[in-house]
Structures are given as structure tokens and as C-alpha cells.
There are 2 protein chains.
Amino acid sequence: MTSRIEQACIDKGMKMTEQRRVVARVLSDASDAHDHPDVEEVYRRASAIDKRISLATVYRTLRLFEDAAIIQSHDFGGVRARYEAAEDDSHHDHLIDVDSGEVIEFYDGELEALQDRIAARLGFRLVDHKMELFGKALEPRSGRRGG
Amino acid sequence: MTSRIEQACIDKGMKMTEQRRVVARVLSDASDAHDHPDVEEVYRRASAIDKRISLATVYRTLRLFEDAAIIQSHDFGGVRARYEAAEDDSHHDHLIDVDSGEVIEFYDGELEALQDRIAARLGFRLVDHKMELFGKALEPRSGRRGG
DNA sequence: TTACGTGCAAAAGGTTTGCAATAAC
DNA sequence: GTTATTGCAAACCTTTTGCACGTAA
């Protein structure tokens, strides 16, 4: 079945190889799970589906998708970039649990509006923003790591 | 004359070598100018003051200062980390001009308060945050690059 | 005096790339 | 059939590190 990201690639007229299809599927599934895998993790999951894929191709494909605005990369303070499907309408930001590394997505309309106002005040039109909160859980959380 | 960052190092009991003094001075001056140099730039400026400094020592010193919370590093989307003096009381965030690369500092009390509220709503105590706005100037700006 | 810092050059680790083989359109 | 894509391995670039030498306290 055609994954959401594969469909986005087709819509953009990309030549769809098996490798791209597999990476698209991995990223679509990750997105559904609000997951933010890094390159190695995408490579691992892609290899599990089809062994014929190489790390170089994963890098090239991620860059291709990112340049096409199909996915976006994040730097959550770790060593490698992490990826998620680009948001269409539903923008969100991230809160990172500093103890577990878990990434929690959130949306706050007030925050979005405030950012526009701040940019305007400084004489700019906002084209993008990056907002990450780092916090400690007030109550102990279940043990999942990553996100 | 003793730079602000050199004084912070002395206060923390660091052994002050000539190299550390020079890097401290470069960073103090950059901070006064609201400048955010990367490693190469710090190395360049330090070398101009004293040729005996090596890139490895600049890396080691920046890491030392950062671990001591005397400076902080940022990833503004470029390839290298960029540095500024750690904020004592006057927290600020950054707006990056996507056309020129210029970095503009700003402070917004409402934003700070809102972030705390969002974290609390998600069940977290905020320990840090990273907020970067990327914008296009509404009016053409003078040609400085960097910041 | 002595533990710690430095310079050099080599290594590490993530990411990119040249090239010949391969596959999509 | 053409042109873009892939795998492999080597290159690249930033950052770290081992080691012998130097120096602050």
C-alpha cells in the first residue's frame, strides 16, 4: 500500500525506486507513531524491510525528502539529526525529557501567535521557527525512551 | 585588563594559562558586541592576539568554558557550533535573518512565562529551552553578516 | 615541584561523493 | 534507450585524543 510520504514523492514527480519507497514507508510509520528516528535508526528499519539498501542511499534520500519539504530534520542536542514528516497544517513543537530523552510533541496557538508578533516587532516576517523545551518530569513517567 | 570571562574562570578556580586568557578576552569582546562567533572565528581572533594558540586548545577551552556554564553554544543551522557568553540574569533568544545570516537577540517576558506554562501543562518543570526564529526582513537591512 | 595544559598530528564519527553498475521511466 | 539512482569505498569536515613537552601555582 502506498504510504503517505510515498504519495507526496509521486505528487512531486520523483522517480520512485524501491529504496525510496522503503524509506518513505519507514518515515510514514514513524510519523504515525510521533517518532523521531535518526539516520541510523531509519537505516536499521529500512534494512529490516529490504536488505538491499545502503546507508549512503538513506542519507541521500533523507536529504532529498528534506529539500522537497516532505520531511524535516531536528537537532535535539544529540549527535545525529533526527527526522519526522513535515507538518502540513498541524504545526507542533517539542518538549524533550532531559532524563529519559523522550520527545513529546505539543501545539500552542498562543505561542504561534506570539512568535509572529515578536518577529514583526523586530521588523521581520517569520518564515520558520525552532522551539524546544527541555524539562524534568514532575511525576515519574513510564520508561519509554526516545520518541 | 581582566576580561569578564577571565574573571569568571578565576572565580571558579581555573588554572589560567595565556591561551585561556586570550580565548576569554575574545569571547568577552564578542559578547559585548552581541556577536556569536564559531570555533574557527574564535581561533582566528585568538591567533591575531597570540599566535601560539592551537585549534585543539580553542576546542578544549570552549568545551571547558561551556561545561563550567561560562559560555553557551548554539546551533543556528550552520555547520559549526557558535558561542556566546552565558547569560546571568538577562536571558534572551535569537532571530536569524535567513537572507544575511545575521543573528538578532531579543527578550520577551511573555514568551518566557508562556513556556513555563506549556511545560507545566505537559507535566514538566522547565530546565532549559531553545527558541530560534527565522525571518525575512520586511525592509532591506544594512549589509552586516553574521552577528 | 608537580599536576595540569598545550601543540601536533593522528583518529574518530557523522555525512558526502566519485565511479561503475543498475534500474526507472 | 536515456538518464537518474544505487552501492561501495574513499573523501570530507568538524571535533576529539594520545603523547611528549611546557608551564601555572
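What you see is a predicted model, and the numbers here were worked out from it, not measured in a lab. (Residues numbered from 1 in each chain as written. Chains lettered and ligands numbered in written order. Predicted model: local features only at pLDDT ≥ 70, side-chain atom pairs only at ≥ 80, totals over all residues. Heavy atoms only, no water.)

1. Digging into the overall build of chain A
Move 1: Across its full length, chain A holds five helices and five strands.
Move 2: Along its sequence from the N terminus, chain A presents helices and strands in the succession α-α-α-α-β-β-β-β-α-β.
Move 3: C-alpha atoms of chain A, sized along the principal axes, occupy 50 × 40 × 25 Å.
Move 4: Sorting the 147 residues of chain A into buried and exposed places 47% on the buried side.
Move 5: Across chain A, contacts joining residues at least 24 apart in sequence account for 52% of those joining residues at least 6 apart.
Move 6: Carbon and sulfur atoms make up 48% of the accessible area of chain A, which amounts to about 7,800 Å² in all.
Move 7: Each charge class in chain A was averaged separately, 22 positive and 29 negative side chains, and the resulting centres sit 6 Å apart. (Helix = DSSP H or I, 4+ residues; strand = E, 2+ residues; numbered from the N terminus. Buried < 20%, exposed > 50% of the residue type's maximum accessible area, 1.4 Å probe, protein only. Contact = heavy atoms within 4.5 Å. Areas by Shrake-Rupley, 256 points an atom, 1.4 Å probe, with all protein chains shown as cover. Lys, Arg positive; Asp, Glu negative; His and termini not counted. Charge placed at Lys NZ, Arg CZ, Asp CG, Glu CD.)

2. Digging into the sheet that holds strand S5 (residues 124–137) of chain B
Move 1: Taken in spatial order, the six strands of this open sheet run S4(A)-S3(A)-S5(A)-S5(B)-S3(B)-S4(B), and their pairing is mixed. What marks the edges here is a single partner per strand, and that holds for strand S4 (103–106) of chain A together with strand S4 (103–106) of chain B. Geometrically, the sheet is characterised by an average inter-axis angle of 25° between neighbouring strands, direction not taken into account.
Move 2: When strand S3 (residues 93–97) of chain B meets S5(B), the two strands line up parallel, connected through four bridges. (Pairing = 2+ DSSP bridges. Axes fitted to C-alpha atoms, helices over the stretch in contact; angles between N-to-C directions.)

3. What about the interface of chain B and chain A?
Move 1: At the junction of the two partners, chain B supplies 35 residues and chain A supplies 35 residues.
Move 2: With both sides pooled, the region where chain B packs onto chain A buries about 3,200 Å², and carbon together with sulfur makes up 65% of that total.
Move 3: Its largest share of buried area at the contact with chain A, chain B owes to B:Phe124, B:Lys130 and B:Phe134, together 22% of the area lost on that side.
Move 4: Linking chain B to chain A there are six salt bridges.
Move 5: Between B:Asp108 and A:Arg121 there is a salt bridge; the shortest N-O distance is 2.8 Å.
Move 6: The tally of links from chain B across to chain A stands at 16 residue pairs in polar contact (both at pLDDT 80 or more).
Move 7: Listing elements by their share of the side of chain B that touches chain A, those giving two or more residues are S3, S4, helix H5 (109–121) and S5 of chain B.
Move 8: With 14 residues, S5(B) is the largest single contributor of residues to the side of chain B that touches chain A.
Move 9: Residue classes in the side of chain B that touches chain A are distributed as 18 nonpolar, four polar and 13 charged.
Move 10: As paired elements, strand S5 (residues 124–137) of chain A and S5(B) share 13 bridges and run antiparallel to each other. Counterpart to A:Met131 in the pairing with S5(B) is B:Met131. (Buried area = accessible area lost by both parts, 1.4 Å probe. Salt bridge = Lys/Arg side-chain N within 4 Å of Asp/Glu carboxyl O. Polar contact = N/O pair within 3.5 Å; in protein donor to acceptor, adjacent residues only side chain to side chain. Nonpolar A, V, L, I, M, F, W, Y, C, P; charged D, E, K, R; others polar.)

4. Focus on the relation of the copies chain B and chain A
Move 1: Under the fitted operation, chain B is carried onto chain A by 0.1 Å of movement along the axis and a turn of 179°, and the coordinates agree to an RMSD of 0.2 Å. What we have between these two chains is a two-fold relation. Across chain B, the smallest distance between a C-alpha and the rotation axis is recorded for B:Met131, namely 2.1 Å.
Move 2: With an isologous cut-off of 70% or more, the 100% of interface residues of chain B that recur at the interface of chain A puts this contact in the isologous class. (Least-squares fit on C-alpha atoms with pLDDT ≥ 70 in both.)

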